[in-house]
Amino acid sequence: MDPGEVHTRFIDWARSNGISIDGIAPAKFKDRGMGIVAAKDIKKGDRLVHVRNTSLITVTQPQVQILNFPSNTTIHARLAAYQALNYEDRTCPHRPWQDVWPSQEEFEEILPLHWSKKLQDLLPHAASVFLTNQRSNLERDYTSIHAIYPKISRDLFTYTWLIVNTRTFYWDYPDLPSAHPRLPKKRPQLKADDCYAMCPFMDYFNHSDKGCDSKADGKGYSVTADRAYKAGEEVYVPYGSHTNDFLLVEYGFILDTNGCDSLPLDHLILSQLSSEQVEVLKEDGFYGSYTLSPTPPNICHRTQAVVRLLTLPLRRYSAFVGGTDEGAGDQGKVNEYVIGLLVKYERQIMEIIEEGEGLEVSSEVKSGQKDTLLRRWKQVRSIVKAGINALSN
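Residues numbered from 1 in each chain as written. Predicted model: local features only at pLDDT ≥ 70, side-chain atom pairs only at ≥ 80, totals over all residues. Heavy atoms only, no water.

Got a minute to help me understand the overall build of the chain in this structure?
If you tally the helices and strands in the chain, you get 15 helices and eleven strands. In terms of C-alpha radius of gyration, the chain reaches 24 Å, essentially the compact-globule figure of 21 Å for 393 residues. In terms of overall dimensions, the chain has a C-alpha envelope of 70 × 45 × 45 Å along the principal axes. For the chain, buried positions account for 49% of its 393 residues. Restricting to contacts in the chain with at least 6 residues of sequence separation, those with at least 24 account for 69%. Carbon together with sulfur atoms contributes 49% to the accessible area of the chain, which is approximately 19,400 Å² in total. (Helix = DSSP H or I, 4+ residues; strand = E, 2+ residues; numbered from the N terminus. Rg over C-alpha atoms; globule rule 2.2 N^0.38 Å. Buried < 20%, exposed > 50% of the residue type's maximum accessible area, 1.4 Å probe, protein only. Contact = heavy atoms within 4.5 Å. Areas by Shrake-Rupley, 256 points an atom, 1.4 Å probe, with all protein chains shown as cover.)

Written out as structure tokens, the structure reads:
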């Protein structure tokens, strides 16, 4: 579990650059990369790390501001371009941090963006949607940066863009007054995509749906223990309420146990709708975002609504979405329809798993990529089976 000399140098750099670390240390896990372990017994509520606001890399810092990006350049693109422009500079102030980042080769192994088309075509539908959006955002950002800094290669920008994508935290600039000129937008206009901060050391923490509390204020970022930990135990920080499809595309991993996992049903349901039904759903605010969960209630309220429109008279659907009828009397028919969709989808899943198992490991299909893809499809199959069983009872 010894992380190695390069990580030891980074920890020394971190401590000398405004980062307080207490009771935890980076560790290298076999087949899982880096993470954080308790270096001693820890009590609930202990502060484990504090990253001073001046140690963060944000677009409000002078070294990023002087690059004079056009106002329509995304925050993600600005941070990625800043890192790309400094990447070869051995005297870069945060070089010790760069030295412990995942390599381009590691990203190529774990991130579906770099997988072969053969594997990308086999991704679950939800993961494919996330990947399409990710690819579109990357292309948008590279186009905007290339117009300003043509010397930045696509490969290098892609790498630093992914570094930013996997290593930033939500930061709404609480250290700056609301009218400060360095804010990327007026504070009331800030959206989530405007609030990125690269946070040294914090990016060591691996994700779990339950973990330590991370909080930001004007002084920086802090992590406190959510429970007691024994020395040597891994310490996690939740990245958010994300499905495994999201985690796979954005971070390159999936969890064996994920309380936030679910399965979008849009690709199964939307194709069943007539144009008139689409208009009704859009008018009522019930178009899309249909979800199947592995635990009760297995089908969400939106799915309950759309299936009623598909299977019942319009007045019954209207009573349900209007709240005048909870729809208990129609539930059997709704369940029967959803079961039919899921049984059909389960057959498709089995065919995809069989196709995936038949893939030969090669330069195009790495063993780890194949294993991750199959694990995800088996998780999807489990969610579908759980839904069928729950709705059948």
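And the narrative resumes.
Help me understand the pairing of strand β7 (residues 213-217), please; the structure alone is not making it clear to me.
Regular strands place side chains that alternate from one sheet face to the opposite one. Of the strand pairs in this sheet, β7 and strand β8 (residues 220-224) are connected by five bridges, and their pairing is antiparallel. For Asp213, the partnering residue across the bridge sits in β8 and is Thr224. Hairpin connection between β7 and β8: a loop of two residues separates the two successive antiparallel strands. (Pairing = 2+ DSSP bridges.)

Help me understand the environment of Gly356, please; the structure alone is not making it clear to me.
Mapped onto the elements of the fold, Gly356 is located in helix α14 (residues 331-357). A residue is classified by how much of its surface remains accessible, and Gly356, at 3% relative accessible area, is buried. Taking C-alpha positions, Gly356 is 27 Å from Leu270, a pair spaced 86 residues apart along the chain. Leave out the neighbours within four places in its chain, and Gly356 touches Leu122, Lys370 and Leu374.

What is the right way to read the domain arrangement of the chain from this model?
Interfaces are often sized by the accessible area lost when the parts come together. Per the domain assignment, the segments of the chain are domain 1 (35-251) and domain 2 (263-392). In this assembly, 14 residues from domain 1 lie in contact with 17 residues from domain 2. The largest contributions to the domain 1 side of the interface with domain 2 come from Glu109, Leu119 and Leu122, which together make up 37% of the buried area. There are two salt bridges connecting domain 1 and domain 2. With a shortest N-O distance of 3.8 Å, Lys118 and Glu364 are connected by a salt bridge. Across the contact surface, domain 1 and domain 2 share six residue pairs in polar contact (both at pLDDT 80 or more). Contributions of two or more residues to the side of domain 1 that touches domain 2 are made by α5 (104-110), α6 (117-120), α7 (125-148) and α9 (244-251). (Domains from an automatic or database assignment. Buried area = accessible area lost by both parts, 1.4 Å probe. Salt bridge = Lys/Arg side-chain N within 4 Å of Asp/Glu carboxyl O. Polar contact = N/O pair within 3.5 Å; in protein donor to acceptor, adjacent residues only side chain to side chain.)

What exactly am I supposed to notice about the sheet that holds β7 here?
Strand pairing within a sheet occurs via backbone hydrogen bonds; the two strands may be parallel or antiparallel. The antiparallel open sheet is built from four strands, whose spatial order is β1-β4-β8-β7. Only two strands of the sheet have a single partner each, and these edge strands are β1 (19-21) and β7. Neighbouring strand axes in the sheet, compared pairwise and without regard to direction, differ in orientation by 15° on average. (Axes fitted to C-alpha atoms, helices over the stretch in contact; angles between N-to-C directions.)

Help me understand the pattern of salt bridges in this model?
Pairing between side chains of opposite charge can happen when the charged atoms of each approach one another. On inspection of all chains with the given rule, the structure shows 17 salt bridges. For Glu139, the salt bridge goes to Arg154, with nearest N and O atoms at 2.8 Å. Highlighted residues: Glu139 in helix α7 and Arg154 in helix α8 (residues 154-167), separated in sequence by 15 residues. Between Asp261 and Arg376 there is a salt bridge, with its nearest N and O atoms 2.8 Å apart. On the criterion of sequence distance, the pair formed by Asp261 in the loop between α9 and β10 (263-264) and Arg376 in helix α15 (residues 367-392) is long-range, its members being 115 residues apart. With a relative accessible area of 9%, Asp261 lands in the buried category. Among the ionic contacts, a cluster of salt bridges with common partners joins Asp245, Asp261 and Arg376.

Is there a simple way to think about the sheet that holds strand β3 (residues 33-38) in this case?
Taken together, three strands build an open sheet; the order of strands is β2-β3-β9 and the sheet is antiparallel. A strand with exactly one partner marks an edge of an open sheet, and here the two such strands are β2 (24-29) and β9 (234-235).

Mind showing me how you'd approach the packing of aromatic side chains here?
The geometry of an aromatic ring pair is captured by two quantities: the separation of the ring centres and the angle between the planes. Evaluated as defined, the whole model comprises 16 aromatic pairs. Geometrically, the ring pair formed by Trp97 and Trp101 is edge-to-face, given 5.5 Å between the ring centres and 75° between the ring planes. A connected cluster of aromatic rings, assembled from ring pairs, spans Phe10, Trp13, Phe201, Tyr204 and Phe205. Across from the ring centre of Tyr87, 5.5 Å away, lies the NZ or CZ of Arg95, which sits over that ring. Between the NZ or CZ atom of Lys282 and the centre of the ring of Tyr287, over which it lies, the distance is 5.1 Å. (Phe/Tyr/Trp six-rings, centres within 6.5 Å; stacked < 30°, edge-to-face > 60°. Lys NZ or Arg CZ within 6 Å of the ring centre and 35° of its normal.)

Just to check I follow, could you spell out the side chain of Asp330 for this structure?
For Asp330, the position within the fold is in the loop between α13 (314-322) and α14. Here Asp330 falls in the buried class, since its relative accessible area comes to 14%. The residues touching Asp330, leaving out its near neighbours within four places in the chain, are Arg308, Leu312 and Arg316.

Would you take a moment to explain the packing of α14 against α15 for this structure?
The geometry of a pair of packed helices is captured by two quantities: the angle between their axes and the separation between those axes. Look at α14 against α15: their axes get within 9 Å of each other, and the N-to-C directions meet at 160°. Overall, the two elements α14 and α15 adopt an arrangement that is roughly antiparallel. The two elements α14 and α15 meet at a crossing, and its hand is left-handed. The residue inventory of the contact of α14 with α15, partitioned by class, reads 15 nonpolar, four polar and six charged. (Parallel < 35°, antiparallel > 145°, perpendicular 65-115°, else oblique. Left-handed = near helix turned anticlockwise from the far one by under 90°. Nonpolar A, V, L, I, M, F, W, Y, C, P; charged D, E, K, R; others polar.)

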